[in-house]
Amino acid sequence: MTGWPDRILVVKATGRGTYSRTRTDRYGFPRLRLPRIKHVHGFATGDLVRATLTKGKHTGVHTGRVAVRTTGSFNITTATGTRQGINHKHIRLLQRADGYSYTTSKETTTER
C-alpha cells in the first residue's frame, strides 16, 4: 500500500538563548543586568508546558511555550495569545526546550 501522508511535521528554529549578560542602550553602554542562570524552578525559557489554573483571571488549561522570570511568575505563550503572571506551582513540564518548535499541519496537495 502506497500513498501520501495527510499530516506532516513542521519544525521551526527558535534558538537556544544568548550568552549576553547585559542589555545595552542605543549607544552601547550597559543598561540592565541579566540573570546568570537560565533555569528557574526547574523551567527554562522555551520549554513546552501545561498550566492548570482553577481560579483567577486566567482560569483553565493553557499549553504553550514558557518565558521564565526569577520571581517565579512566568509568561505562557499559547496559540491564542500570551498569559502573563502564571505561578510556577501551577505549571507542568511537557517537553524541554531544544532550540526548535514542533507542530503538525495538514498536507497540501496540488492536482495536475
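The following refers to the structure shown.

Here's the deal with the pattern of salt bridges
Then, in step 1: Counting across every chain of the model gives one salt bridge.
Then, in step 2: For the salt bridge of arginine 96 with aspartate 47, the shortest nitrogen-to-oxygen distance reads 3.5 Å. Remark: aspartate 47 occurs in the loop between strand E5 (43–44) and strand E6 (48–53) and arginine 96 occurs in the loop between strand E10 (91–95) and strand E11 (100–106); sequence separation between them is 49 residues.
Then, in step 3: You can call arginine 96 partly exposed: its relative accessible area is 44%.

Considerations on a nonpolar patch on the surface
Then, in step 1: A contiguous nonpolar patch, built from Leu9, Val11, Tyr100 and Tyr102 and spanning about 380 Å² of accessible area, is present on the exposed surface.
Then, in step 2: When residues of the nonpolar patch are traced back to their parent elements, those giving at least two are strand E1 (7–13) and E11.
Then, in step 3: Position of valine 11 relative to the elements: it lies in strand E1.
Then, in step 4: Here valine 11 falls in the partly exposed class, since its relative accessible area comes to 44%.

Remarks on the sheet that holds E10
Then, in step 1: Across the sheet, five strands lie side by side as E9-E8-E7-E6-E10; this open sheet has antiparallel pairing. Unpaired on one side and paired on the other, strand E9 (82–87) and E10 mark the two borders of the sheet. Mean inter-strand twist for the sheet, computed between neighbouring axes without regard to direction, equals 45 degrees.
Then, in step 2: Sheet topology places strand E7 (residues 60–67) next to strand E8 (residues 73–77); three bridges connect them, and they run antiparallel. In the sheet register, arginine 65 faces E8, and the bridge partner there is threonine 77.

Details of the layout of surface pockets
Then, in step 1: Taken as a whole, the largest pocket encloses approximately 970 Å³ of empty space.
Then, in step 2: Lining the largest pocket we find 33 residues, and of these Gly17, Ala44, Thr45, Gly46 and Val68 sit closest to its centre.
Then, in step 3: Contributing elements (two or more residues each) for the lining of the largest pocket: strand E4 (39–40), E7 and E11.
Then, in step 4: Tallying contributions element by element places E11 first for the lining of the largest pocket, with four residues.
Then, in step 5: For the lining of the largest pocket, the class distribution of residues is ten nonpolar, 15 polar and eight charged.

A word on unusual backbone geometry
Across residues other than glycine, the phi torsion is negative in most instances, and most of the peptide bonds are trans.
Then, in step 1: At histidine 41, a residue that is not glycine, the phi angle is positive and equals roughly 55 degrees.
Then, in step 2: Examined against the element boundaries, histidine 41 turns out to sit in the loop between E4 and E5.

Observations concerning the nonpolar core
Then, in step 1: Formed by Val40, Phe43, Val49, Ala51, Leu53, Val66, Val68, Phe74, Ile76, Ile86 and Ile91, the largest nonpolar core amounts to eleven residues.
Then, in step 2: Residue assignment for this core shows that the elements contributing at least two residues are E6 and E8.
Then, in step 3: In terms of residue count, E6 provides more of this core than any other element does, three residues in total.
Then, in step 4: Residues within four places of valine 40 in sequence aside, it is in contact with Val68, Arg69, Thr70 and Phe74.

What counts and how
- Residues numbered from 1 in each chain as written.
- Predicted model: local features only at pLDDT ≥ 70, side-chain atom pairs only at ≥ 80, totals over all residues.
- Heavy atoms only, no water.
- Salt bridge = Lys/Arg side-chain N within 4 Å of Asp/Glu carboxyl O.
- Helix = DSSP H or I, 4+ residues; strand = E, 2+ residues; numbered from the N terminus.
- Buried < 20%, exposed > 50% of the residue type's maximum accessible area, 1.4 Å probe, protein only.
- Patch = residues over 30% accessible without salt bridge, like charges linked within 9 Å, V, L, I, M, F, W, Y side chains within 5 Å.
- Areas by Shrake-Rupley, 256 points an atom, 1.4 Å probe, with all protein chains shown as cover.
- Pairing = 2+ DSSP bridges.
- Axes fitted to C-alpha atoms, helices over the stretch in contact; angles between N-to-C directions.
- 1 Å grid on protein atoms, 1.4 Å probe; cavity = no way out; pocket = protein on both sides within 12 Å on 5 of 7 lines; lining within 4 Å.
- Points joined across faces, edges and corners; volume = space filled by probe spheres on them.
- Nonpolar A, V, L, I, M, F, W, Y, C, P; charged D, E, K, R; others polar.
- Core = buried A, V, L, I, M, F, W, Y, C linked by side-chain atoms within 4.5 Å.
- Contact = heavy atoms within 4.5 Å.

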